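# A closer look at the structure
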There are 4 protein chains.
Amino acid sequence: MKSRKLRAGMIGGGIGAFIGAVHRIALRMDGLVELTAGAFSSKAETAMASGAQLMLDEARTYTDYVTMLEQEADMPADQRLDFICIVTPNHLHFAPVMLALEKGFHVVVDKPVAFSLEEAKAIQTKVAATGLLFLLTHTYTGYPMLKQARQLLASGVMGTIRKVYVEYPQGWLSTLLEATGQTQASWRTDPERSGAAGAMGDIGTHAFNLAEYVSGLQVTELCAAVNIVVPGRRLDDDGEVLLRFSNGATGVLMATQVAAGEENNVRVRIYGEHGGIEWMQEAANTLLVKWADKPTEVYRAGTGYLAGVAGHNCRTPAGHPEGYLEAFANLYRNFALALLARINGTVPEPAWLDFPGAEEGVRGMAFINNVLRSSGATEKWTSFTI
Amino acid sequence: MKSRKLRAGMIGGGIGAFIGAVHRIALRMDGLVELTAGAFSSKAETAMASGAQLMLDEARTYTDYVTMLEQEADMPADQRLDFICIVTPNHLHFAPVMLALEKGFHVVVDKPVAFSLEEAKAIQTKVAATGLLFLLTHTYTGYPMLKQARQLLASGVMGTIRKVYVEYPQGWLSTLLEATGQTQASWRTDPERSGAAGAMGDIGTHAFNLAEYVSGLQVTELCAAVNIVVPGRRLDDDGEVLLRFSNGATGVLMATQVAAGEENNVRVRIYGEHGGIEWMQEAANTLLVKWADKPTEVYRAGTGYLAGVAGHNCRTPAGHPEGYLEAFANLYRNFALALLARINGTVPEPAWLDFPGAEEGVRGMAFINNVLRSSGATEKWTSFTI
Amino acid sequence: MKSRKLRAGMIGGGIGAFIGAVHRIALRMDGLVELTAGAFSSKAETAMASGAQLMLDEARTYTDYVTMLEQEADMPADQRLDFICIVTPNHLHFAPVMLALEKGFHVVVDKPVAFSLEEAKAIQTKVAATGLLFLLTHTYTGYPMLKQARQLLASGVMGTIRKVYVEYPQGWLSTLLEATGQTQASWRTDPERSGAAGAMGDIGTHAFNLAEYVSGLQVTELCAAVNIVVPGRRLDDDGEVLLRFSNGATGVLMATQVAAGEENNVRVRIYGEHGGIEWMQEAANTLLVKWADKPTEVYRAGTGYLAGVAGHNCRTPAGHPEGYLEAFANLYRNFALALLARINGTVPEPAWLDFPGAEEGVRGMAFINNVLRSSGATEKWTSFTI
Amino acid sequence: MKSRKLRAGMIGGGIGAFIGAVHRIALRMDGLVELTAGAFSSKAETAMASGAQLMLDEARTYTDYVTMLEQEADMPADQRLDFICIVTPNHLHFAPVMLALEKGFHVVVDKPVAFSLEEAKAIQTKVAATGLLFLLTHTYTGYPMLKQARQLLASGVMGTIRKVYVEYPQGWLSTLLEATGQTQASWRTDPERSGAAGAMGDIGTHAFNLAEYVSGLQVTELCAAVNIVVPGRRLDDDGEVLLRFSNGATGVLMATQVAAGEENNVRVRIYGEHGGIEWMQEAANTLLVKWADKPTEVYRAGTGYLAGVAGHNCRTPAGHPEGYLEAFANLYRNFALALLARINGTVPEPAWLDFPGAEEGVRGMAFINNVLRSSGATEKWTSFTI
């Protein structure tokens, strides 16, 4: 019996933040979760103003996350937060994630999971030890047509996978935007806040996650060339990576933030012996299914012929486009359904458990490390190590 | 000061309903409204189960809407519903709309506004008399790129408008689906519940609304051919209408539910002396702006160069696609912002008032009447009368 | 034994003409025909200069077509022209067509076949009487993917055809271009040279031809609204027509030359009970095949799975786009193959005979007449008469 | 004074060959060239049958190319061939090219120019020594929208070029097609006939040529991974190459023949500081011109706003799609116009000289060598040497 909405508390995401607002829309969309508390900023004034703007109870608007986690942990069961969403810049993921887990809260955290691989591993260990649910918001895995692609490839109908092309072109950092003080650009290009990588951490990890998620394969070796294109920038804003996968497949990953004029058209193409799939975010409700010897099929979201897991992640009938926010909301919905099942002592459907977690977080951080190591190396191939 | 969320009550939209679920997602998306009460079905059991599934307070889950409106009207100001969403089939719009207005509630109602033109006019009169806010959910007007198109055409940069093509092709009624008992098909093809028209009421009114909204013109004459294509069907499932507009422009409206293989790709093309615009729902984040003597421009949602009103109706940066649910939510958001401004005694921004209301409802019902009159006539042209 | 190239003579198409140059490219493309003689202009100087530019034998460059037809008719069999291409403006089709047939030449003529329905009928009678081959260059029927569509619909796999939408939007006459003396605009908008109709004759007949060719149906009734949009113009530059077909199907034809910003994107959509087809010239190598209950299929030119007749009309493997000139050349190639078969006394393949002829010419002229009659009528429906 | 058609002789391209037929269509299209002689096959029977099918004079149909070149060289000036087209498999380019040049014929040769870099260099030296015209048919450079792109990038309006992505995905070699005896597959995968590389020579060189041609840059370093994907194949059928350009730009080249379901969708994307261009063969008449701060512009072939060189390479007005054969014919047309100018002693327009020649041939062969060297190396970066 789903007798109540889940209660969420948010860390970060105050007024002016981008991804915090997205998390809140995602969290609200299906009516399973209520944003109940928040420590939206380390600046007290911003924190309180954010809470007010979000029409939150003032008593549950905090000016620091430690206080929030401690006080909320002590609340009675019928008021206590169920889970914590952490949407701070990368360097501020680790501490609140660990404390939230410590206090027994389930956790949602924006990607990349942490500032370093070591942090990521520690989080993975902690998640395993506590047995709590953990969602890492690799948004793109929430798109139903990518779930359809994954399932189709897993079914073997295309034979062994041979090629994986994944690309993530953006253009918004074509100028030294951080010099203007723009918030997003400032922290994402700052090694103190973003981590060892810029573009590779911000969007390369998404592309990497997609490559592995949709193909069902793991990268075992790579050869990376990572660049700082815009003079004066402190972190990479561009790069490309040759990939080798566990089954012998090969591929290419391209991620750039200096492709001036590009928006955010993540795209993945995977080919097996008998055909291939193509998906891109600009046409997110469409999956092209290509065949060696017959016409390409255009799979569409919301149709009756989708595999169960893809259909489960659609809200509207065919032809009523869903987008980025719905993909994001799918992560939350599945996490919430899994959590409600746990609370209610029922068995979750497999589709509810299909969301990225700590393992994906560790692999993403390892991707960053391996890419940077490879990019600095004179040898062509670098083993993917964790 | 937006000190609280608006409280909404819903009539209709119980378990299994399509559009009720859409309204709830739209209503939730921006955190401005809380679904507080509901009379989701005239069947008591369904009504209560729906409330439970939606995690509503049982005390505010009603088994008939009259009771809901009466009891809620008597609640203290800090608990009383602010507005009522009416998402019942067409023949059940009028009575609850009128009672809600009578009781002083602002109203949201799904389109078409009523069962007949006479009802629509009575509603328009009532809305005017009460001064309450009234939102008719012609979803497509919520798309930011259509707002951009409207503004661009209104600016005069394309000169006088000459041609308006609007089409709404669906295929889901290619078979006698209602014979299988399918819920949506059953009521939409039933003259007792849907009204005088089938496809023309269901989707033709959307197309008509778009034609007038985006062009800024009004239809003055039309020539319609309306068909029942699938044998055994009781209402039209297909038709086309030649249009003449107030400024001398001409056009075509096509709406069909028997274009087998089509989903819901509403499309509008409008041409002036110097260029034209094209938009279709399958690529909802794109507006093609065509010019007689230079390259077509691809306007995109979420970009910095959008006109203010279009930008206001975007939630995400360029390249993060928004869709049908966000367009729907834009109607609710603007309605809610306007209502909050009224409650708070502040001046609403013009963009907040840009949502369809009673007048559009009356024109939509008049469209149905005029189309059916024309379709049955031997004369070519029928004046658009209200 | 195809022991020689066919010899063609051209009437019209001198320096500066548009369609004459297209005919010549089409005629050359497959190496089956040689342009051997020409009367390219009624102005002697232009005629001779055109011949020289085309590197034609001066002895076979004529300054009037009557002389050409007479002299060429008297040539010995091994030099005599096989067929005549007539690419003059509409008002100058009839006389040379009739004389060419009279003299025993096979004929290719640009569309529309003549200046009036009466002329068209006379031509049809003459063609029948002489038994000569006659090609009317309705270019679009030369596209392989439309042949695929026709064959697919004819196979019955989509059930009875219900809807036919065909549109032909252009924008090049959005201004009073003829006032500048532009050649194409001048004769096409001149009732003395173009005929009773402007846009409806120039492009409406193409759309009409496509609707009937691809569907395999015939129009039996129509309801037209034809407009002169640009002030000062003498012939229609825009219009729309509701259609009723022989089998009960209905449809819409839209043709305009004042959709500013549009190029030439002819588009046809036809729906049966179980699915539909969509083709547009901007993506000419693709045919969308839509189904009520499974993914849309993307048929592509040059693939192995095409029906024989479509494959026969492709020159390159899949992915090597062919276009307008190849479609045009397909008409010539099929005509030439059929003619060579006749010359060689062999049996032509059915695919070679699949080109438009005198009957299509008569129906096209009848379309113009019926549309104009309907547009001027107060009754809604006009029977399609010949 | 263009008083006559150029006379061409062809070596290779007999019945059943693919590219020979394409060359002939290209050569015919604009009426500047006549195929006058041929040595279409080393098999006498095929050679003669091919000549007959092409309606060639039997006296000028040869059974070996040496005889052809010798006899034709001795013909009187008014009959002598002007140029020779060599369309044999790669291993049979060098000897006829050298002999043709030796005999004083201008030369057209299919790409890659030769079997090895050494041969290519020898050809380049010979071309320089003889001063004869030399066309290497890198088809894609014949597309007008790529010429527009090149000119736009060269103008500097997009600032310094930063990124170059070029890809050439095919799927036709996804199976061991050569084992079935299929002609194209057989020689292209045979090291004795194709050369050191398979896919990299066949299509990688096209991609490489495009990257350099459109960007106006030269590759200076690369890092390649080349694969034999299909078991039993003897040459690479897949690979990817990281690129570094002369101005510091970086990029990626992907070429594969095992992307099952792909046709031939060559695609190039190049980004400068302020925007980028995107072109793909499947939409060959469109060039996307993207900007950092304003809407993407859709440049279209045949429009009035194209730069002169692009306009010169269009035959039809906007909206009448041209394709692969027209691109190919543009190479021939420009070559022919340049040759006619030389014959007539006039000054060729710069646009006529814009066709690939011996230098592109040498760079293409060097690309193959460098790619293979890099692919076998353990160091990441390999200098591009010639």
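Given the structure is predicted, the values throughout are model-derived calculations rather than measurements.

### Focus: the overall build of chain A
Summing up its helical and strand segments, chain A has 12 helices and 14 strands in all. Since a compact globule built from 386 residues should have a radius of gyration of about 21 Å, the 21 Å found for chain A is in line with a globular shape. By principal-axis analysis of the C-alpha atoms, chain A measures approximately 60 × 50 × 40 Å. Each of the 386 residues in chain A was classed as buried or not, and the buried ones make up 64%.

### Some words on the nonpolar core
Ranked by size, the top nonpolar core spans 536 residues in total, and within it V107 of chain A, V107 of chain B, V107 of chain C together with V107 of chain D carry the most contacts. Once residues lying within four places of it in the same chain are set aside, the contact partners of V107 of chain A are F83, I84, I86, V97, A100, L101, L132 and F134 of chain A.

### What to know about the environment of N90 of chain B
Residues and elements named next belong to chain B. Mapped onto the secondary structure, N90 falls in the loop between β3 (83–86) and α4 (94–102). On a C-alpha basis, the gap between N90 and W187 in space is 8.9 Å, while along the polypeptide they are 97 residues apart. Discounting chain neighbours no more than four positions away, the residues touching N90 are P112, F115, R193, S194 and G195.

### A look at the interface of chain C and chain B
Residue-level contacts link 35 residues of chain C with 35 residues of chain B. Where the side of chain C that touches chain B is concerned, the elements lending two or more residues are β6 (161–169), β7 (219–227), β8 (238–245), β9 (250–256), β10 (267–272), β11 (275–280) and β12 (286–291) of chain C. The residue makeup of the side of chain C that touches chain B, split by class, is 14 nonpolar, 12 polar and nine charged.

### Digging into the domain arrangement of chain A
Residue and element names in this part refer to chain A. Looking at the assigned domains, one finds that chain A contains domain 1 (6–132) and domain 2 (143–316 + 363–376). Inter-centroid distance (C-alpha atoms) of domain 1 to domain 2 is 27 Å. Taken together, the contact between domain 1 and domain 2 spans 13 residues of the former and 13 residues of the latter. For the side of domain 1 that touches domain 2, the residue count by class is eight nonpolar, four polar and one charged.

### Considering the sheet that holds strand β2 (residues 33–39) of chain D
Residues and elements named next belong to chain D. Strand order across the open sheet formed by five strands is β2-β1-β3-β4-β5, with parallel pairing between neighbours. For this open sheet the edge positions go to β2 and β5 (134–136), each flanked by a neighbour on one side alone. Geometrically, the sheet is characterised by an average inter-axis angle of 20 degrees between neighbouring strands, direction not taken into account. Of the strand pairs in this sheet, strand β1 (residues 6–11) and β2 are connected by six bridges, and their pairing is parallel. Looking at β2, one finds that R7 is bridged to E34. Along the sheet face, helix α11 (residues 324–344) touches β1, β2, β3 (83–86), β4 (106–109) and β5 and points at about 130 degrees away from the line of β1.

### What to know about the relation of the copies chain C and chain B
Expressed as a screw transformation, the operator carrying chain C onto chain B has a rotation angle of 180 degrees and an axial translation of 0.0 Å, and the superposed copies differ by an RMSD of 0.0 Å. Such a turn and shift between the copies fits a two-fold axis. Considering only C-alpha atoms, the residue of chain C closest to the rotation axis is K380 of chain C, which sits at 2.0 Å. Both copies present the same face, since 100% of the interface residues in chain C are matched by interface residues at the equivalent positions in chain B.

### What about unusual backbone geometry?
All names here are of chain A. Across the junction of K111 and P112, the peptide omega takes the value -10 degrees, indicating a cis bond. Structurally, P112 is set in the loop between β4 (106–109) and α5 (117–130). One non-glycine residue, M55, adopts positive backbone phi at about 60 degrees. Considering the arrangement of structural elements, one finds M55 in the loop between α2 (44–53) and α3 (65–73).

### Details of the sheet that holds strand β1 (residues 6–11) of chain C
Residues and elements named next belong to chain C. Here we have five strands laid out as an open sheet, ordered β2-β1-β3-β4-β5, and parallel in their pairing. Of all the strands in the sheet, the pair left with one neighbour each is β2 (33–39) and β5 (134–136). Shown here is a sheet whose adjacent strand axes are inclined to one another by a mean of 20 degrees, direction ignored. Relative to strand β4 (residues 106–109), strand β3 (residues 83–86) runs parallel, the two being bridged by four bridges.

About the thresholds
- Residues numbered from 1 in each chain as written.
- Chains lettered and ligands numbered in written order.
- Predicted model: local features only at pLDDT ≥ 70, side-chain atom pairs only at ≥ 80, totals over all residues.
- Helix = DSSP H or I, 4+ residues; strand = E, 2+ residues; numbered from the N terminus.
- Rg over C-alpha atoms; globule rule 2.2 N^0.38 Å.
- Buried ≥ 20, exposed ≤ 12 C-beta atoms within 10 Å, placed from the backbone.
- Core = buried A, V, L, I, M, F, W, Y, C linked by C-beta atoms within 7 Å.
- Contact = placed C-beta atoms within 7 Å.
- Nonpolar A, V, L, I, M, F, W, Y, C, P; charged D, E, K, R; others polar.
- Domains from an automatic or database assignment.
- Pairing = 2+ DSSP bridges.
- Axes fitted to C-alpha atoms, helices over the stretch in contact; angles between N-to-C directions.
- Least-squares fit on C-alpha atoms with pLDDT ≥ 70 in both.

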